[in-house]
Amino acid sequence: MLSTMQDDQLSLADLLRHGSTLHSESEVVTWTSSGPRRATYGQVGQRAARLANALRGLGVTGDQRVGTFMWNNAEHLEAYLAIPAMGAVLHTLNIRLFPEQLVFVANHAEDHVVIVDGTLVPLFAKQLPQLKTVKHVIVANGDPATLEAPDGVQVHAYDELLAAQPETFDWPVVDERSAAAMCYTSGTTGDPKGVVYSHRSIWLHSMQVCMSDSMRLDQSDKALVIVPMFHAMSWGMPYAAFMVGASMIMPDRFLQPEPIAQILAAERPTFAGAVPTIWQGLLQHLDANPQDISHLREVVVGGSAAPPSMMHAFEERYGVPILHAWGMTETSPLGSVARPPASATGEEAWRYRYTQGRFPASVRARLIGDDGNEVPWDGESVGELEVRGPWIAGGYYGDADPAKFHDGWLRTGDVGKITPNGYLTLTDRAKDVIKSGGEWISSVDLENTVMSHPAVAEAAVIGVPDEKWDERPLVAVVLREGERVTAEELRTFLQDKVAKWQLPEHWTFVEEVPKTSVGKFDKKRLRAAHAEGKLDVAHF
Ligand code: AMP
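Residues numbered from 1 in each chain as written. Predicted model: local features only at pLDDT ≥ 70, side-chain atom pairs only at ≥ 80, totals over all residues. Heavy atoms only, no water.

- Per an unreviewed UniProt entry, the chain is named Long-chain fatty acid--CoA ligase, and its organism is Prauserella flavalba.

Here it is, written out as structure tokens:
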């Protein structure tokens with residue numbers, strides 16, 4: 001029997017229409033070198049319509065791809081809304097990709113138009129001659145004359161182009177399963193891989209982002225969107241906030257601790273999201289230059305494990321709870337969120353909060369052990385996490401790397417355990433696991449423990465070959481400014497905190513842990529530096 005419900009399509013055109021009319025007074029604030037620049041959601045809606053008209057005028061039809069090479073700002077939000085709503089496909093280009101990767105993804109996606117921020121023109125210009133399908137470049141917040149275009153490419157000024165257009169657009173009805181946006185994963189191995197989101201997946205994901213047990217966004221919020229809009233769709237915050245009328249604050253290129261602290265003081269956001277590296281930097285800044293940040297009701301941290309010491313510091317020193325969450329570009333990205341069960345209090349609640357979190361109803365999960373069989377959710381058995389659901393990728397664009405998917409499940413490459421009530425604890429990336437004498441050592445646990453030492457700013461742990469034990473952990477430590485501590489002292493500090501056999505015997509002090517284009521520890525580079533003998537290692 002069929003239902004009697006209407007078969008209405010979930011579409012980003014409706015999200016745009018809803019946000020820009022029912023929440024027309026909500027605001028997007030873009031930070032600039034001379035302070036905030038404001039636009040209402042009503043104005044964003046009109047400008048999105050102008051942008052859609054302009055793109056049609058440049059020949060964008062059907063599901064053609066329109067790339068963005070931009071910081072988080074109002075114009076990027078306009079592109080987020082206009083491009084999918086007109087039926088085209090938004091392709092967020094990661095401005096931190098290595099040049100050859102950028103060329104690869106723009107050609108692979110066959111971008112027809114790219115919108116580029118003025119400050120990023122010099123970076124983009126170097127690769128433009130190699131972008132085979134790009135016919136138009138639109139420069140936002142900058143002077144198009146600074147971009148020397150190769151033959152066959154036209155350059156336009158964003159504001160001028162929009163000014164000449166009508167402020168309404170006849171948004172088409174699109175199939176909810178058709179492509180709305182795409183994002184390439186920064187890829188640990190091989191070429192970057194394209195994840196293509198649908199109107200339906202983005203709509204459902206946005207609703208989940210706003211749910212009480214997720215990020216709880218609502219119309220009273222002002223969300224500081226620090227996660228780049230070119231990384232995993234900014235964790236879904238732009239669409240979710242626009243859907244419910246939460247105002248947004250966009251930091252543009254001002255991502256260092258000092259300007260972030262200024263933005264906090266000036267705009268007093270209620271919510272924010274960023275990777276741990278950003279919060280660690282802010283914490284150091286605040287400790288040296290205290291200011292009230294209690295207007296933040298909560299901040300969400302993911303992308304890498306949130307160190308418990310940092311979670312305590314924010315809550316106990318600044319009254320700001322950190323919400324830990326796990327996800328991937330392939331999972332839109334919201335996969336799990338660490339809100340403790342209602343019954344848990346005190347230490348028990350904290351233990352839940354340290355985990356990567358619990359899965360929402362639409363994300364199904366299982367753990368696969370070394371023998372290829374499922375392992376139980378007993379809070380102890382470890383396996384590779386596999387997930388499925390309406391906003392989880394079922395393949396990559398162009399069918400790249402099919403081995404990441406099998407019988408309808410995405411293999412995450414993350415290794416961990418799950419409690420009977422559904423809380424995930426990641427112990428490692430599949431490739432980062434350290435196996436010592438047949439026993440797993442979690443590099444994440446060791447990193448967190450070393451980072452809880454007051455003199456340590458960052459610590460990254462990799463497995464290095466060992467004749468006797470197969471692999472042993474090596475710790476790369478970055479000290480806080482003005483602090484001094486020896487490897488021996490750090491080892492003593494760990495002695496009553498980790499099992500004796502896990503105590504690392506290889507230590508190195510570095511100025512900086514190498515980071516990937518999205519700010520995560522780049523263990524591949526750390527391993528390579530070690531293999532090439534470039535690290536000065538103390539052995540015990
Ligand atoms: P990306 O697609 O670049 O966002 O990377 C996704 C990967 O980041 C995941 O597969 C995890 O390995 C890692 N990751 C994301 N969130 C967390 C978290 N809360 N704790 C530990 N690792 C995480």
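## Concerning the packing of helix α1 (residues 12-22) against helix α7 (residues 199-210)
No. 1: It is the contact of α1 with α7, at a shortest axis distance of 9 Å, that shows an interaxial angle of 45 degrees. Compared by their axis directions, α1 and α7 come out oblique. Across the interface between the two elements, L12, D14 and L15 of α1 pack against H199, I202, W203 and S206 of α7.
No. 2: Taken together, the residues that form the contact of α1 with α7 break down as four nonpolar, two polar and one charged. (Axes fitted to C-alpha atoms, helices over the stretch in contact; angles between N-to-C directions. Helix = DSSP H or I, 4+ residues; strand = E, 2+ residues; numbered from the N terminus. Parallel < 35°, antiparallel > 145°, perpendicular 65-115°, else oblique. Contact = heavy atoms within 4.5 Å. Nonpolar A, V, L, I, M, F, W, Y, C, P; charged D, E, K, R; others polar.)

## Brief notes about the nonpolar core
No. 1: I115 and W171 are the most contacted members of the largest nonpolar core, which totals 90 residues.
No. 2: If sequence neighbours within four positions are ignored, I115 has contacts with L51, V66, G67, T68, F69, M70, A79, I83, I138, A140 and Y158.
No. 3: Grouped together as the second largest cluster of nonpolar side chains are 56 residues, L120, V137, L224 and W279 included. (Core = buried A, V, L, I, M, F, W, Y, C linked by side-chain atoms within 4.5 Å. Buried < 20%, exposed > 50% of the residue type's maximum accessible area, 1.4 Å probe, protein only.)

## Focus: the pattern of salt bridges
No. 1: Per the stated rule, a full pass over the model turns up 29 salt bridges.
No. 2: E78 is paired through a salt bridge with R47; the nearest N and O atoms lie 2.8 Å apart. In this pair, E78 sits in helix α3 (residues 74-85) while R47 sits in helix α2 (residues 41-57), placing the two residues 31 residues apart along the sequence.
No. 3: What makes E78 buried here is its relative accessible area of 1%. (Salt bridge = Lys/Arg side-chain N within 4 Å of Asp/Glu carboxyl O.)

## Some details on the packing of α2 against α3
No. 1: Their axes nearest at 8 Å, the elements α2 and α3 cross at an angle of 65 degrees. Where α2 crosses over α3, the handedness of that crossing is right-handed. The residues of α3 that touch α2, namely those facing V44, R47, A48, L51, A52 and L55, are E75, L77, E78, A79, L81, A82 and I83.
No. 2: When its residues are assigned to classes, the contact of α2 with α3 shows ten nonpolar, no polar and three charged. (Left-handed = near helix turned anticlockwise from the far one by under 90°.)

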